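Okay, here's what each chain looks like letter by letter:
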Amino acid sequence: MLLAPRYFVAFLDGRLGETQRIAFVPGDLGAHIHAYSPHLTIGRTYALKLQRKHSLKYEQFQLVQPAIEHGYAGIHRGDLVFLYFHEETRRWFLLAVKTAAAGAELWLKSFYPLDAKRTGKIRRQMTMLREHA
């Protein structure tokens, strides 16, 4: 993650603006959704919503980059999706990325924990680009 945990907390508190770049998406994967930028951005409002709705702790946002680097990668419903199994918590996470501004921007669309049944369903439905490392 581009932001160290203490800076991510400052972002959530509103001290670092309304948007932040939080990860890099490799160009070969981003190209599948016509992305021209490798920088994954998140809005503060959406990050706070993820915390409330999915009970994500700020530390779990640190899993975004490992999910991109090591998770299953594929296309699901037009979005670039990563399914990542985090060994320490023994949980699956879904990370969805979308483009905006004609591909010049990459935005975090979804990031939340999944149960194994839903993970399997999404994995079967998506067009696989890369296996889990």
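Above: the structure in question.
We now turn to the structure provided with this report. Remember, it's a predicted structure, so these values are computed and weren't measured experimentally.

1. What about the pattern of salt bridges?
Next, step 1: This model, assessed by the stated rule, comprises 4 salt bridges.
Next, step 2: R15 is paired through a salt bridge with D13; the nearest N and O atoms lie 2.9 Å apart.
Next, step 3: Residue classification places R15 among the exposed residues on the basis of a relative accessible area of 57%.
Next, step 4: For D13, a relative accessible area of 47% gives the class partly exposed.
Next, step 5: The partner of R90 in a salt bridge is E87, with the nearest N and O atoms 2.9 Å apart.

2. Overview of helix α5 (residues 116–125)
Next, step 1: Here α5 has its buried residues at T119, G120 and I122. The buried residues of α5 all sit within an arc of 165° when viewed along its axis, so they share a single face. Structural note: α5 exposes K117 and R124 on the side pointing more than 90 degrees away from its buried face.
Next, step 2: Where α5 is buried, its residues meet β3 (72–76), β4 (79–86), β5 (91–100) and β6 (105–114).

3. Quick word on the pairing of β5
Next, step 1: As paired elements, β4 and β5 share 7 bridges and run antiparallel to each other. Looking at β5, one finds that V81 is bridged to A96.
Next, step 2: As defined by bridge partners, β5 adjoins β6 across 9 bridges and the pair is classed as antiparallel. Of the residues in β6, the one forming a bridge with L95 is F111.
Next, step 3: Between β5 and β6, which follow one another and run antiparallel, lie 4 residues, and A101 among them has a positive phi close to 50°.

4. Focus: the packing of aromatic side chains
Next, step 1: Counting across every chain of the model gives 6 aromatic pairs.
Next, step 2: Ring geometry for F8 against F11: centres 5.7 Å apart, planes inclined by 55°, an arrangement best described as tilted. In this pair, F8 and F11 both sit in helix α1 (residues 5–13), 3 residues apart, roughly one turn of the helix.
Next, step 3: Ring plane angle 20° and centroid distance 6.1 Å describe the contact between Y72 and W92, whose orientation is recorded as stacked.

5. Describing unusual backbone geometry
Glycine aside, negative phi is the norm for most residues, and most peptide bonds take the trans geometry.
Next, step 1: The phi dihedral of S55 is positive, around 55°, even though this residue is not glycine.
Next, step 2: Structurally, S55 is set in the loop between α3 (44–54) and α4 (64–70).
Next, step 3: Judged by relative accessible area, S55 falls into the exposed class, the value being 57%.
Next, step 4: Unlike most non-glycine residues, A102 shows phi in positive territory, near 55°.
Next, step 5: Within the fold, A102 resides in the loop between β5 and β6.

The rules we used
Every chain's residues receive numbers from 1 upward, in the order its sequence appears when written. The predicted origin of the model limits local features to residues at a pLDDT of at least 70 and limits the giving and counting of side-chain atom pairs to 80 or more, whereas totals for whole chains, interfaces and linings rest on all residues. Side-chain measures here rest on the full set of heavy atoms in the structure, leaving out hydrogens and waters. Any Lys or Arg side-chain nitrogen located within 4 Å of an Asp or Glu carboxyl oxygen qualifies as a salt bridge. Type-normalised accessible area, obtained with a 1.4 Å probe on protein chains alone, sets the label of each residue: buried when under 20%, exposed when over 50%, and partly exposed for intermediate values. The helix count covers DSSP runs of H or I at least four residues long, the strand count covers runs of E at least two residues long, and both are numbered beginning at the N terminus. Working definition: the arc comes from the directions between the helix axis and the C-beta atoms, pointing outward to the latter. Only heavy atoms matter for contacts: two residues are in contact if any of them lie within 4.5 Å across the pair. In this analysis, strands are considered paired if DSSP registers two or more bridges between them. Note on ring pairs: Phe, Tyr and Trp rings are taken, using the six-membered ring of Trp, and paired if centres are within 6.5 Å. Classes follow the plane angle, with under 30 degrees stacked, over 60 edge-to-face and the rest tilted.

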